[in-house]
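# Chain and residue survey
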Amino acid sequence: AWPRSRNPGARQFRASRPRSGMGKRDSKAAKAKRAERRGKGALKTEEKTAKGEQKQKRRDANRQDDEDLEKVLKEFAAMQADEAKVGEQAVPPPSPRANGSLTLHPSGNELLLFGGEHFDGKKNTFYNELYRYSIKRNDWRLVTSKRAPPPRSSHQAAAVPTGGGSLFVFGGEFSSANQSQFYHYRDLWCLDLATYVWEQVQAKNGPSARSGHRMVHCRDRLLVFGGFFDNLRDVKYYNDAHVFDLSLYQWHKLVTAPGDPVPQPRSGCSLAADPAAGAVFLYGGYYKKKVAMQQFDSHKDKAAVEELSETGVEFRDTWRLDLFGDSASGVRPGSWTQQKKSGAPPSSRSGCSMVLNRGRLVVFGGVHDEDTADGDGLVSEFYADAHSYTIETGRWRALAVESKPGKPAALAAADSGGGEGGVASRAAE
């Protein structure tokens, strides 16, 4: 329909109509309609005012969250500065939490648990506690230390055996209690495992702020790959790789040659290092991409229209990164190679744990997410199965957990034929 300004004849017709009895009746009807419109207008005004007040309340709440977030981090920093010395005490097992880091001590006798988060249905709590778990004694000890990193989850930690042993922690996230505001870290911390004193590493040109990334130690390097950044408006996924030189204490970004293959951006993937080969292996991960959805629009002549929507993608690919290269075979440092796949690989999932053992990658657990019909939620399935990938042959096989009385659980090949070469496959002995 044309706007009123483009149809002057209609205005002229209404203005030139004679005042008759019919016109008077029309005038009364017009007054009634105007009154009705005024009533509807007042209702719309009230609705707009209510919406405006709600928006203002949300803005005020978000502003308060921002202030609370900054206040919490400042108070935490001040509290850590007042910590006099390193302390340690025997404690019960840590409270329930997710997305912390659990790292094997270089001595092989302890596990180091740092950080994590817990959601009780109403608010989210983040931790920066450091626990030591003795594998032999089956007990926990809580370590307090001056200048500890701020609370976080979805960070990464890697242990380094040299110099008495160190634990490096990079990145992660923190949020307000109601999760309306998020903060992503890009800091690198080092815990001296001889003294249990933390120190923030001041090194330029490191990875951008992120969480959900992965980090491993290989020879004299730390490798950080992938992850995501979420500011509640957009979510960005990464496929960049950064190396921290432990001898020079310097960051540098790995740059691949134009046209060389690289893994797609992702978070929640799995990394395992092979120091002897100077290589790192990557499996799986998660990514959200925008796709065009066809929807019916009754206002557009029953035509199909496109609307962008986000959908989750779980990867099932395996990659090898050669950190140091091989001049004899022509492999450049920092080059990626996608590995071949055969056998029975794991189902679609992300967030698995993965280790390298005797030429095989052993994958355990993970989660598979599917969006709900309205796109506002997730239906998740968690796993407790195990799989192995033989690097030399590129073959996957399922593993079964054998529980033996009085002995640690072992992983054996699920098929009756046993492992490679007819020998039963053992991933943990």
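Scroll up to find the structure this text is about.
A quick note: this is a predicted structure, and the numbers were derived from the prediction, not measured.

## Comments concerning the pairing of strand β11 (residues 197-201)
Relative to β11, strand β10 (residues 182-192) runs antiparallel, the two sharing five bridges. Each residue of the ladder has a partner; that of tryptophan 189, found in β11, is glutamine 200. Count of turn residues in the β10/β11 antiparallel hairpin: four residues, of which tyrosine 196 carries a positive phi of about 55 degrees.

## Here we look at the sheet that holds strand β17 (residues 250-253)
Within the open sheet, the four strands sit side by side as β12-β13-β16-β17. Their pairing is antiparallel. Each of the sheet's edge strands pairs with one partner strand only, and the pair in question is β12 (214-218) and β17. With strand direction ignored, the average angle separating the axes of adjacent strands in the sheet is 20 degrees. Note: strand β16 (residues 241-245) against β17, four bridges, orientation antiparallel. Across the sheet, the residue bridging to valine 243 is histidine 252, located in β17.

## Points about the pattern of salt bridges
Under the defined criterion, the tally for this structure stands at 14 salt bridges. For arginine 97, the salt bridge is made with glutamate 129, and the minimal N-O distance between the two is 2.9 Å. One end of the pair, arginine 97, is in the loop between β1 (87-91) and β2 (101-104); the other, glutamate 129, is in the loop between β5 (124-126) and β6 (130-134), and 32 residues separate them in sequence. Here aspartate 220 makes a salt bridge to arginine 221, at a shortest N to O gap of 2.7 Å. The class of aspartate 220 is partly exposed, set by a relative accessible area of 31%. Through salt bridges with shared partners, a single network forms among Glu88, Glu110, Arg132 and Arg141.

## So, unusual backbone geometry
Here glutamine 179, not a glycine, exhibits a phi torsion of approximately 65 degrees, which is positive. Here glutamine 179 lies in the loop between β9 (166-175) and β10. Positive phi values are uncommon outside glycine, yet tyrosine 196 reaches one of about 55 degrees. You can see tyrosine 196 is positioned in the loop between β10 and β11. Classification of tyrosine 196 by relative accessible area gives buried; the value is 7%.

## Structural notes on the pairing of β6
On a regular strand, each side chain points to the face opposite its neighbour's, so the side chains alternate between the two faces of the sheet. Within β6, five of the five residues are buried, leaving the element largely enclosed by the surrounding structure. On β6, burial covers both faces: Leu130, Arg132 and Ser134 on one face and Tyr131 and Tyr133 on the other are all buried. Examined bridge by bridge, strand β3 (residues 110-114) and β6 share five bridges and lie antiparallel to one another. Residue pairing for β6: leucine 112 is matched across the bridge by arginine 132. Where β6 hands over to strand β7 (residues 139-144), the hairpin turn is made up of four residues, of which asparagine 138 adopts a positive phi near 55 degrees.

## Re the packing of aromatic side chains
The tally for this structure, following the rule as stated, stands at 16 aromatic pairs. Summarising the aromatic geometry, the rings of phenylalanine 126 and phenylalanine 174 are spaced 5.2 Å apart at their centres and angled 55 degrees between planes, so their arrangement reads as tilted. Of the two residues, phenylalanine 126 sits in strand β5 while phenylalanine 174 sits in strand β9, which places them 48 residues apart along the sequence. Given a relative accessible area of 6%, phenylalanine 174 falls into the buried group. Both rings, one in tyrosine 237 and one in tyrosine 287, keep their centres 5.2 Å apart while their planes meet at 75 degrees; by these two values the pair is edge-to-face.

## A word on the environment of glutamine 200
Of note, glutamine 200 is situated in strand β11. Along the sequence, glutamine 200 and aspartate 187 sit 13 residues apart, while their C-alpha atoms lie 7.5 Å from each other. Setting aside chain neighbours within four positions, we find glutamine 200 in contact with Asp187, Leu188 and Trp189.

## Focus: the environment of asparagine 109
You can see asparagine 109 is positioned in the loop between β2 and β3. Placed 26 residues apart in sequence, asparagine 109 and isoleucine 135 show a C-alpha to C-alpha distance of 5.8 Å. Here asparagine 109 is in contact with Tyr133, Ser134, Ile135 and Lys136, once residues within four sequence places are set aside.

## Thoughts on the nonpolar core
Leu223, Val280 and Leu323 are the most contacted members of the largest nonpolar core, which has 16 residues in total. Among the secondary structure elements, those contributing two or more residues to this core are β12, β13 (221-225), β16, β18 (270-274), β19 (279-297) and β20 (303-322).

Rules and cut-offs
- Residues numbered from 1 in each chain as written.
- Predicted model: local features only at pLDDT ≥ 70, side-chain atom pairs only at ≥ 80, totals over all residues.
- Heavy atoms only, no water.
- Pairing = 2+ DSSP bridges.
- Helix = DSSP H or I, 4+ residues; strand = E, 2+ residues; numbered from the N terminus.
- Axes fitted to C-alpha atoms, helices over the stretch in contact; angles between N-to-C directions.
- Salt bridge = Lys/Arg side-chain N within 4 Å of Asp/Glu carboxyl O.
- Buried < 20%, exposed > 50% of the residue type's maximum accessible area, 1.4 Å probe, protein only.
- Phe/Tyr/Trp six-rings, centres within 6.5 Å; stacked < 30°, edge-to-face > 60°.
- Contact = heavy atoms within 4.5 Å.
- Core = buried A, V, L, I, M, F, W, Y, C linked by side-chain atoms within 4.5 Å.

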